[in-house]
Amino acid sequence: MKHNISSPFTLARRAERMNPSIIREILKVTEKPGIVSLAGGLPSADTFPVDAMREACARVLRDAPREALQYAASEGFGPLREWIAAHLATSQGMTVSPEQVLVTTGSQQGLDLAAKVLIDTDARVLVETPTYLGALQAFTPYEPRIEGLASDHEGPLPDALAAAAGGARLAYLLPNFQNPTGHVYTEARRAAVVAAAQARGLPLVEDNPYGDLWFDAPPPKSLASRWPEGVLYLGSFSKVLAPGLRLGYVVAPAALYPKLLQAKQAADLHTPIFNQRIVFDVIRSGLLETHVPKTRARYKLQRDAMQASLDKHLSGLASWARPEGGMFFWLELPDGLDAMALLPKAVEAGMAYVPGAAFYAQAPRANSLRLSFVTVPPDKIEDGVAALARVLHEAEGRA
Ligand SMILES: Cc1ncc(COP(=O)(O)O)c(C=O)c1O
C-alpha cells in the first residue's frame, strides 16, 4: 500500500491494481484533427438510427412519462427482457426464460458483475490470447490470477482449456468476431471448447457484442445454447443500435441469477428505465430487422476497403486474416518490431492504431496491432494504412 504525502487517502489494494485503459489514453493523443485514427473501437456514428430514436423518445415521454422517469426494477424492463429471450431463441438457438435475463448498463457491467460474483483474490481466471482489454480491466480489481490460454485463429485450444480448467473459476470467451483479433470459433471448436469445460465443471462467460455484425453468413450458435447451465451469456445493444444508450444484458443460469441481481442492485439499482423503454419501443416496431442489415452492408464495404489497402501497402510486411464480421483487423508484424514504440512515429505520420500488447493477460506480443475499419470512410482508411506502411517500412529497414 502506497502512502502519498500530499493525500490522506490510503488506496484499497484493488484500486492499486487498477490501470487506465491504454486505449482511452491513446485516443486522447490521437483524436487530434488531421490524424486518421484506426485506433478507436467505436461503432460508426453514421449508423445510429437518430430519427427512430427521436420518435421513440417522444412516444415514451408521451405514453409513459412517469414510469420512464421513476425508479424501476433491478432485473430490467419486463417487455424488453421478454424480447431478449425470444431474440436469443431465434438468433442463438438458446432456450431462455425472461426470468434469466438481467438488463445491464452495457455488457461491460455484465463483466463487472460476473467478476464480482465469481472471483476471489488469487482465484484463477482463464482468458483467450489475446483478449478484450475491457474484460482484463473489469476482472483485475477482484485480484484474480489471470491466465492466457494458448489460442489460434479459431480461438482457444480445447486442450489448453482442458489442461488449465482444474480449479479455475471461469473462462472468459469471445466466440464471434473477437475484439481484438476478429476470430470466429468454428462449429467444431465450439463443440470442443464446451465439451472440455463441461467435463471439468468450468463455468464459461461468453461475451457476444459483435455476433450480429456478420458479413456473409451468421456465425454458428452460441456456447450457451450448448451448455445452458454452465454458461453466463453477455449481449449488448451497443454495436447494433448505439453505445451511448449503455444497454446490455446477461443471461444467467437460474442458480447464479440471484447473486448477479444482488450485485447489480449494489452497483446501480437498475439500468436507466428511460433508455430501456426507448430501445424496446424501436425494436418492437421492427427497426433492428432493417437497421442491422444496413450496418452489416456498410461495415462489409469498409472491411473490403481496408483489406484492399492492406493488400496494396502491407503485403509481405505484415500478416492478417480477413475478418468475416465485427470491426477489427489484427496485424502481426515481423519479429523485432514493437508496435507500442512505433506509435508516436505513426501519429507523426498521420495515423493511429492500438498496439497489440494491450490485449494480453501475460507475455504480450509487441509485434502486433489492432486496426478498426468502421470509424473512418474508405478514402481515409487508405490514407491511414499508407501512413502505417511508411512507418513500418522505415522501421523494418532499421530493424
Ligand atoms: C468484447 C467486448 N465486450 C464488451 C464490450 C462492452 O460493450 P458495452 O458495454 O458497450 O455493451 C465491448 C466494447 O467494445 C467489447 O468489445
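Up top is the structure.
As a starting point, this report considers the structure included with it. (Residues numbered from 1 in each chain as written. Predicted model: local features only at pLDDT ≥ 70, side-chain atom pairs only at ≥ 80, totals over all residues. Heavy atoms only, no water.)

In the vicinity of the ligand, 13 residues are found, and the nearest of them are Asp207, Tyr210, Ser236, Ser238 and Arg246. One of the backbone N or O atoms of serine 107 is found 2.7 Å from an oxygen atom in the ligand. Between serine 238 and the ligand, the recorded distance is 2.5 Å, taken from a side-chain N or O atom to an oxygen atom. No other element matches helix H6 (residues 106-118), which puts three residues into the shell around the ligand. The class makeup of the residues in the shell around the ligand is four nonpolar, six polar and three charged. (Near = heavy atom within 4 Å. Polar contact = N/O pair within 3.5 Å; in protein donor to acceptor, adjacent residues only side chain to side chain. Helix = DSSP H or I, 4+ residues; strand = E, 2+ residues; numbered from the N terminus. Nonpolar A, V, L, I, M, F, W, Y, C, P; charged D, E, K, R; others polar.)

Let us look at the pairing of strand S14 (residues 368-372). Buried residues dominate S14, accounting for five of its five residues. Side chains Ser368, Arg370 and Ser372 of S14 all project onto a buried face; the interleaved residues Leu369 and Leu371 project onto the opposite face, where all are buried too. Pairing of strand S11 (residues 328-332) with S14 involves five bridges; the strand directions are antiparallel. Looking at S14, one finds that phenylalanine 329 is bridged to leucine 371. As paired strands, strand S13 (residues 354-355) and S14 are joined by two bridges and run antiparallel to one another. Bridging across to S14, valine 354 finds its partner in arginine 370. (Buried < 20%, exposed > 50% of the residue type's maximum accessible area, 1.4 Å probe, protein only. Pairing = 2+ DSSP bridges.)

Soluble globular proteins: nonpolar side chains tend toward being buried together. Leu314, Leu331, Tyr353 and Leu371 are the most contacted members of the largest nonpolar core, which totals 52 residues. Secondary structure elements with two or more residues in this core: helix H2 (22-30), helix H12 (287-314), S11, helix H13 (339-349), strand S12 (351-352), S14 and helix H14 (378-398). Here this core takes eight residues from H14, the largest share from any one element. With residues near it in sequence (within four places) discarded, leucine 314 still touches Ser309, Trp320, Leu331, Val385, Leu388, Ala389 and Leu392. (Core = buried A, V, L, I, M, F, W, Y, C linked by side-chain atoms within 4.5 Å. Contact = heavy atoms within 4.5 Å.)

Attention now goes to unusual backbone geometry. With an omega dihedral of -5°, the bond running from threonine 129 to proline 130 counts as a cis peptide bond. Inspection of the secondary structure assignment puts proline 130 in the loop between strand S3 (124-127) and helix H7 (133-139). For the bond running from asparagine 179 to proline 180, omega is 20°, close enough to zero to count as cis. Along the chain, the position of proline 180 falls in the loop between strand S7 (170-173) and helix H9 (187-200). Backbone geometry places arginine 246, a non-glycine residue, at a positive phi of 50°. Inspection of the secondary structure puts arginine 246 in the loop between strand S9 (231-236) and strand S10 (248-251). What makes arginine 246 partly exposed here is its relative accessible area of 34%.

This next bit is on the side chain of threonine 131. By the secondary structure assignment, threonine 131 is in the loop between S3 and H7. Ignoring any residue separated from it by four or fewer positions in sequence, one finds threonine 131 in contact with Leu136, Tyr172, Leu174, Gln178, Asn179, Pro180 and Phe359.

Another point: the sheet that holds S3. The strand order across the open sheet built from seven strands is S2-S10-S9-S8-S7-S3-S4, with neighbouring strands paired in mixed fashion. Two strands in the sheet have a free side with no partner beyond their single neighbour: strand S2 (101-104) and strand S4 (145-148). Neighbour to neighbour, the strand axes of the sheet diverge by 20° on average, direction disregarded. Where S7 and strand S8 (residues 204-207) come together, three bridges link them in parallel fashion. If you follow leucine 173 over to S8, its bridge partner there is glutamate 206. Contacting S2, S9 and S10, helix H10 (residues 257-268) crosses the sheet at an angle of about 20° to S2. (Axes fitted to C-alpha atoms, helices over the stretch in contact; angles between N-to-C directions.)

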